[in-house]
Each structure stands twice: as C-alpha cells, then as structure tokens.
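# Coordinate inspection notes
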Amino acid sequence: MDSLTQIVLGAAVGEKLLGKKLGNRALLYGAIAGTIPDLDVYVGKLFDPITAIEIHRGFSHSILFFVLLSPLLGWILTQVEKKTEITLKQTTIFWFLGFFTHALLDAFTTWGTQLLYPFDIRFSLHSIFVIDPLYTLPFLFCLIMVMRFKRNNPKRQKWNNLGLIISSSYLLLTVITQQIVASKFEKRLSEQNIEYIRKIVKPSPMNIVLWNSIIETQNGYYMGDYSFFDSQPISFDYYPKNYELVEDVINEKTIRQLQWISEGWFAITQMGGQRYFNDMRFGLISTDGMSPEFSFSYEIITENNSVNAVEVRNKRKGRAKELLSALWKRIKGN
C-alpha cells in the first residue's frame, strides 16, 4: 500500500499496544514501524533498476526480518523510554506487529509480498488497489481524533479501535466483493467456452466498484472489466503472448528477472522493430493507437552482446487527468 496508509496503520498499532504508556509518542513509533519495511527502496538504489524491483517487498517484508530486527529495536526503545518502564517484551511485540501488519496489508494488493522469504512464495490476494481512499481516509480521521485526547482518556482507545474496526471491515469487504465479481467473470468465461490456465480478479484504481480480470490461456490473455453499474455483459479483449519474439533472449538474466517479477504473467509486443516485455497483472493504460499501452512495460534493449530492459515511463506523464476521467466514466457502467 501507499506510504500514508502504512503510516496510519503503523500508528494505530502503536497506539493499541503502547498508547497508554507513551501517548502520542506511541503513534510516532508506530508510524516509524509502518515505514521501515518500505525502506528497501533505498537499498534498491544500490543496484540496477530491475534488481531493485526484485528486492522490493522481499526480505524487509518477511517474518524472518521481523523476528531478527524486532528484539534489537525493542531494546533500543526501552532505552529511549526508560522513564516509562516499558518492558523489552512489550516493545519487541510492538515492533513485530508494526512490521507484520505492514506486510499483511501489502499481501492484499496485486504486487503482494514475500512473507516467507527466503522461500520463493509470494502472497497476493489482489483484493485492494495500492491506493484506496475508502480504506485510508476514515482510518486517518479516527487517528486524528485519537491525538486530541490525553493518553489516559478512554476516548482515545475508542477512536483507535473504531479506526481499526472500520479499516479491517473494509479490507474484508474487498475480499467478499472480489469473490462475487470472480463468480461473474467465471460465468461469462463459461458462456464463451474460454478454457484458461489461471486468472486474476482485481479492483481498478482507488475503488472496489470497477473490477478487472486477466485470464491466461495457452497462447495469450483475455482481459475484461466489470462494474456493478454495468448493463451489458462482460466482454473480453485478447492479447497474444508472442513468446516467440524473445526466443533468442529468453534465458538472459534480465528477462529471467522480469519473468520472476511478473510471476509469469507477461506478454511480448513489438512496435517499430522494438520489443517490449509487458507485465499483464496491472492491465492497460490505453488501447488507443497502433498498439495497446500496458501499465508496466519494459523496453528490451540488446546491444554489445548484452540484454537489458528499461521501464517505459514517459507515456504516463501528463495523463493523470485523462486516465481519471476515463476511470470515472467506466465506473458508472457500460
């Protein structure tokens, strides 16, 4: 999830566990706990961009990392807060849960997380977009109310508990909604006799009204969307995998890295003689023009007997207003 959401969640965990002893300082420590796992993006700056993507939500989002770091930070916190007489057990549990809830929330997104690192298992439920105001804003409001009261005021815990209940209930709602929508996609696939290998059902940006599905078949992908306000049946567009376009570089390190990052959800496109590796999990920006524009696309560069890949970013510049307008229009139904 986005940084603000993780800060809010971490602060709420801090208040829940240490608020009665530390007051608003518990919120601060919680916000720090909610931020630390994502500091792996700075570690990634020491490496090439593709390796940096591999590193993100890896070790720093794992139970192993939490177990190793929590006692150390717990001891440091007991030294900083000696006057409050908080115990090492309390501070260790606080750091562990601050980290764990961060990773757990990330597991509900499409990118997912590697909770069991170093085992190559990623948890990604695809039920919530990385930015969702309906999850974050009520939670943030409750947290602001928490800060208005002194640490021994019972209203403080009531507001914090309310924020945790609302946010957790919304997260559960995303999973329930996802299952309802998945059944509609399944029914439509059956009606069209589309046999598939696997599928993803995920929400579109910042809402759980409009949903997208990516369906993998032997030779390509079907992609469709569904809004609860739709009046027309779900329709699918087909995109071939085109793996034959990269037969000469398929075993190169960079391409293998991209395959791992995309969890095998990829297709190759070619335009003007240039090849692109497209991560299908995040769908399309637009289908206008000569070729579909995928949200995450990497230009494959072959030169001097080496193969590299560069993420295509410039196509997204200056299009936020256009994309949000198209999203709102689609949410309202077809």
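So, a few notes on the structure that sits alongside this text. (Residues numbered from 1 in each chain as written. Predicted model: local features only at pLDDT ≥ 70, side-chain atom pairs only at ≥ 80, totals over all residues. Heavy atoms only, no water.)

## Considerations on the overall build of the protein chain
Here is the rule we go by: The way it works is that DSSP assigns letters per residue, a run of H or I at least four long becomes a helix, a run of E at least two long becomes a strand, and they are numbered from the N terminus. Atoms considered for the radius of gyration are the C-alpha atoms alone. The globule rule reads 2.2 Å times the number of residues to the power 0.38. Note on contacts: a residue pair qualifies if any of its non-hydrogen atoms lie within 4.5 Å across the two residues. The Shrake-Rupley method, run with a 1.4 Å probe, gives the accessible areas here. Residue values count only the displayed protein chains as cover. Counting rule applied: Lys, Arg positive; Asp, Glu negative; His and chain ends not counted. Working definition for charges: the position is that of NZ of Lys, CZ of Arg, CG of Asp or CD of Glu.
Each helix and strand in the protein chain was counted, giving 10 helices and 8 strands. Rg of the C-alpha trace for the protein chain: 22 Å, near the compact-globule value of 20 Å for 334 residues, within the 12% margin. Along the first, second and third principal axes, the C-alpha set of the protein chain runs to 65 × 55 × 35 Å. The contacts in the protein chain between residues at least 6 apart in sequence include a share of 55% that link residues at least 24 apart. Roughly 17200 Å² of accessible area belongs to the protein chain as shown, and the carbon and sulfur atoms make up 61% of that amount. Of note, the protein chain has its 36 positive side-chain charges centred 14 Å away from the centre of its 30 negative side-chain charges.

## Points about the packing of helix H1 (residues 3-22) against helix H2 (residues 24-35)
Operational definition: What counts as an axis is a line fitted to C-alpha atoms, over the stretch in contact for a helix, and the angles between N-to-C directions run from 0 to 180 degrees. Crossing handedness is read from the near helix: turned anticlockwise from the far helix by less than a right angle, it gives a left-handed crossing, and turned clockwise, a right-handed one. Gly falls in the polar group here, along with every residue not listed as nonpolar (Ala, Val, Leu, Ile, Met, Phe, Trp, Tyr, Cys, Pro) or charged (Asp, Glu, Lys, Arg).
Interhelical geometry of H1 versus H2 gives an angle of 140° and a closest axis separation of 6 Å. Considering how the two elements wind past one another, H1 and H2 form a crossing that is right-handed. Along its contact with H1, which presents Gln6, Ile7, Gly10, Ala11, Gly14, Glu15, Leu18, Gly19 and Leu22, the element H2 presents Asn24, Arg25, Ala26, Leu27, Tyr29, Gly30, Ala31, Gly34 and Thr35. Residue classes in the contact of H1 with H2 are distributed as 8 nonpolar, 8 polar and 2 charged.

## Section: the pattern of salt bridges
Defined as follows: Only one rule defines a salt bridge in this text: a Lys or Arg side-chain nitrogen within 4 Å of an Asp or Glu carboxyl oxygen. Accessibility here uses a 1.4 Å probe with only protein chains present; expressed as a share of the type maximum, an area under 20% marks a residue as buried, one over 50% as exposed, and anything in between as partly exposed.
Inspection of the entire model under this criterion finds 12 salt bridges. Notably, a salt bridge pairs Arg275 with Asp248, separated by 2.8 Å at the nearest N-O pair. Placement of the pair is Arg275 in strand S6 (residues 274-286) and Asp248 in the loop between strand S4 (236-240) and helix H9 (253-261), with a sequence separation of 27 residues. Overall, the relative accessible area of 14% leaves Arg275 in the buried class. Classification of Asp248 by relative accessible area gives exposed; the value is 55%. In this structure, Asp279 engages Arg281 in a salt bridge whose closest nitrogen and oxygen atoms are separated by 2.8 Å. Side by side, Asp279 and Arg281 carry an identical accessibility label, which is buried.

## Thoughts on a nonpolar patch on the surface
Heads up, the rule is: Here a patch means residues that are over 30% exposed by relative accessible area and free of salt bridges, tied together within 9 Å if like-charged and within 5 Å if nonpolar (Val, Leu, Ile, Met, Phe, Trp, Tyr).
A contiguous nonpolar patch, built from Ile63, Val67, Leu116, Phe119, Ile121 and Phe123 and spanning about 510 Å² of accessible area, is present on the exposed surface. Counting through the fold element by element, Phe123 comes out in the loop between helix H6 (88-106) and helix H7 (133-146).

## Let's talk about H2
Helical periodicity: at 3.6 residues per turn, an α-helix aligns residues three or four positions apart in one direction. Basically, it comes down to this: For a helix, the expected span equals 1.5 Å multiplied by the residue count minus one.
Under the 1.5 Å per step criterion, the end-to-end length of H2 is 17 Å for 12 residues, consistent within 8% with the ideal 16 Å. Looking only at H2, the buried set comprises Ala26, Leu27, Tyr29, Gly30, Ala31, Ala33 and Gly34.

## Quick look at the sheet that holds strand S1 (residues 198-203)
Applicable threshold: Two strands are said to pair when DSSP picks up at least two bridges between them.
Taken in spatial order, the 4 strands line up as S1-S2-S3-S4 in an open sheet, and their pairing is antiparallel. Each edge of the open sheet is held by one strand with a lone partner, namely S1 and S4. Across the sheet, the mean angle separating the axes of adjacent strands is 20° when strand polarity is ignored.

## Quick look at the nonpolar core
What counts is decided by this rule: Only buried Ala, Val, Leu, Ile, Met, Phe, Trp, Tyr and Cys residues count toward a nonpolar core, and they belong to the same one when joined by side-chain atoms within 4.5 Å.
If you look at the biggest cluster of nonpolar residues, it comprises 28 residues, and the most contacted ones within it are Ile128, Tyr135, Phe185 and Phe236. For this core, the elements supplying multiple residues, two or more each, are H1, H7, helix H8 (154-191) and strand S2 (210-216). In terms of residues, this core owes the most to one element, H8, which gives 6 residues. Counting residues in each nonpolar core, the second largest holds 17 residues, with Tyr29, Leu77, Ile86 and Leu115 among its members.

## Section: the packing of H1 against H7
To keep it simple, the criterion reads: Roughly parallel here means an angle under 35 degrees, roughly antiparallel means over 145, roughly perpendicular means 65 to 115, and every remaining angle is called oblique.
Viewed as axis vectors pointing N to C, H1 and H7 meet at an angle of 40°, and their least axial separation amounts to 10 Å. Viewed along their axes, H1 and H7 adopt a mutual orientation that is oblique. In this structure, the crossing between H1 and H7 has a hand that is left-handed. Where H1 abuts H7, its residues Leu4, Thr5, Val8, Leu9, Ala11, Ala12 and Glu15 lie against Tyr135, Thr136, Phe139, Leu140, Leu143 and Val146.

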